[in-house]
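Observations on the model geometry
So the chains spell out like this:
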Amino acid sequence: MRAILNRRPWNRTITSRLIVGAVTIALASVLGGCAGSPSILNTHSGYADRTATLSWVLFGIATLVFIIVTVLVTIAILRGRGHDEEEPVRNGPRAEDRRTILLVLVSGAVIPAVVLVALMLIGISIEQAEAAANSTLTVEVVGHRWWWEVRYPQQGITTANEIHIPAGQAVTVKLTTGDVIHSFWVPQLHGKIDLIPGQTNTISLEADSPGVYEGQCAEFCGLQHANMRFLVIADDDAAFERWVMRQQRPAPQVVDAVDSLVFEGQQAFLGSACVYCHTIRGTSASGFIGPDLTHIASRRTIGAGILENTPGNLAGWIVNSQALKPGNLMPPMNLDASQVQAIIAYLETLE
Ligand code: CUA
């Protein structure tokens, strides 16, 4: 082979370029998306562990096939010239032809069949391990363009874009949609699962340790698909219990004599169009088109994960959410500055 390479220097250039290209592609694929919260390789559940292992197995097999094919193609290129004279017509296949047919059958049919059946079995075992998980808590998630409604039917809680779960426990998540197809994806905890009109899909979600895990809609659902995010917050048992108790409470009563700005804010909220779309339990606001705001101040983000939940961001959202998330259902509100300030003061009390 060295003699051939020396005879044709361009072949050496092509080979080295092929190798550099292959190594670059392999490194880019391996290193891209390894770190950070929403990575499938930074796993925090048994399901995600098994999925990541399957990914590595697939990657290993693909790499092996790539190397073998590259070597074979390289050999074919190097040997190609000088071997293309017309073969004389013969009677019956030669031994070399039989070897070629055997090679094609084994590498084209037998090996792929074995590999695919093995991968299918691993896939089935991942699903079976999930089906065997014991869960006592059920969370219902409804996809909306472009936010997530989150209900805890056993606890009587409704919230949005934030799913609290107790760490170390399997939780049944029932997924439906209020409009189009969405897909629920928390890369560190579970694979993607679609939310399909007229159907309820169920998964078992579990986080092995307390933490905040980022989620994302993974099925194109319109203009703000990329801004349809959510958080899964895994709490230790005591923190989860505290969260449940807090969320079960209705909004606190507001008394003018105690805090006139908050009272003014509540009056402005209840006297405006806000009440047609939002619920604040314990008040007359009982709309259900937008997120339940009974405990809005307890949430980390607004606008389905696009903004930190700060008074400034909340004010910007209320005045004109269309500037922040064009196409969402909330219209710009015609409120003066003092009304906005009072409404923010009120919403900040809804912890
Ligand atoms: Cu919902 Cu994409």
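Residues numbered from 1 in each chain as written. Predicted model: local features only at pLDDT ≥ 70, side-chain atom pairs only at ≥ 80, totals over all residues. Heavy atoms only, no water.

**Here we look at the packing of aromatic side chains**
Put simply, the rule is: Between 30 and 60 degrees the pair is tilted, below 30 it is stacked and above 60 it is edge-to-face, where a pair is any two Phe, Tyr or Trp rings, Trp via its six-membered ring, whose centres lie within 6.5 Å. Secondary structure counts use DSSP, requiring at least four H or I residues in a row for a helix and at least two E residues in a row for a strand, with both numbered from the N terminus. For the exposure calls, accessible area comes from a 1.4 Å probe over protein chains only, and a residue counts as buried if that area is under 20% of its type's maximum, exposed if over 50%, partly exposed in between.
Counted by the stated rule, this structure contains seven aromatic pairs. Ring centres 5.9 Å apart and planes at 85° place the aromatic pair W56 and F59 in the edge-to-face group. Remark: F59 and W56 occur in helix α3 (residues 46-80); sequence separation between them is three residues, near one turn of the helix. Given the relative accessible area of 44%, W56 is considered partly exposed.

**Description of the sheet that holds strand β5 (residues 170-177)**
Defined as follows: Any two strands with at least two DSSP-identified bridges between them are counted as paired. Here an angle of 0 to 180 degrees is reported between the N-to-C directions of two axes, which are lines fitted to C-alpha atoms, with helices fitted over the stretch in contact. Should any heavy atoms of two residues lie within 4.5 Å, those residues are counted as being in contact.
The strand order β3-β2-β1-β5-β8 describes an open sheet built from five strands, whose pairing is mixed. The open sheet has two edge strands with one neighbour each: β3 (157-160) and β8 (201-205). Shown here is a sheet whose adjacent strand axes are inclined to one another by a mean of 25°, direction ignored. As paired strands, strand β2 (residues 147-152) and β3 are joined by four bridges and run antiparallel to one another. Its bridge partner lying in β3, R151 is registered against T158. Across the sheet, helix α5 (residues 237-248) touches β1 (135-144), β2 and β3, and the angle it forms with β3 is around 100°.

**Observations regarding the side chain of N161**
Our working definition: Whenever a nitrogen or oxygen atom comes within 3.5 Å of another N or O atom, the pair is scored as a polar contact, on the condition that within protein one atom can donate a hydrogen and the other can accept it, and that pairs from neighbouring residues in sequence are kept only if both atoms are in side chains.
With respect to the secondary-structure elements, N161 resides in the loop between β3 and β4 (162-166). A relative accessible area of 8% places N161 in the buried class. Within the structure, N161 has its side chain in polar contact with the backbone nitrogen of W148 (distance 2.8 Å). Residue contacts for N161: discarding those within four places in its chain leaves W147, W148, V150, R229, F230, L231 and A304.

**Digging into the side chain of Q188**
Position of Q188 relative to the elements: it lies in the loop between β6 (182-185) and β7 (193-195). Separated by 3.0 Å, the side chain of Q188 and the backbone oxygen of N42 make a polar contact.

**Description of α5**
In plain terms, the rule: Under the convention used throughout, the expected extent of a helix is 1.5 Å for every residue step, that is, one less than its residue count. Arc, as used here, means the arc of the directions from the helix axis to the C-beta atoms.
Taking 1.5 Å per residue as the helical rise, α5 with its twelve residues ought to reach 16 Å, and the 17 Å between its terminal C-alpha atoms agrees with that figure. All of the buried residues in α5 are A239, F240, W243, V244 and Q247. Viewed along the axis of α5, the buried residues span an arc of 140°, placing them on a single side of the element. Counted as exposed and oriented over 90 degrees from the buried face of α5: R242 and M245.

**Looking at the pairing of strand β10 (residues 229-235)**
Within β10, six of the seven residues are buried, which leaves the element mostly enclosed by the surrounding structure. As paired elements, β4 and β10 share five bridges and run parallel to each other. Opposite I163, over in β10, you have V232 as the bridge partner. In the sheet, strand β9 (residues 211-217) pairs with β10 via six bridges, with the strands oriented antiparallel. Pairing of Y213 across the sheet is with V232, part of β10.

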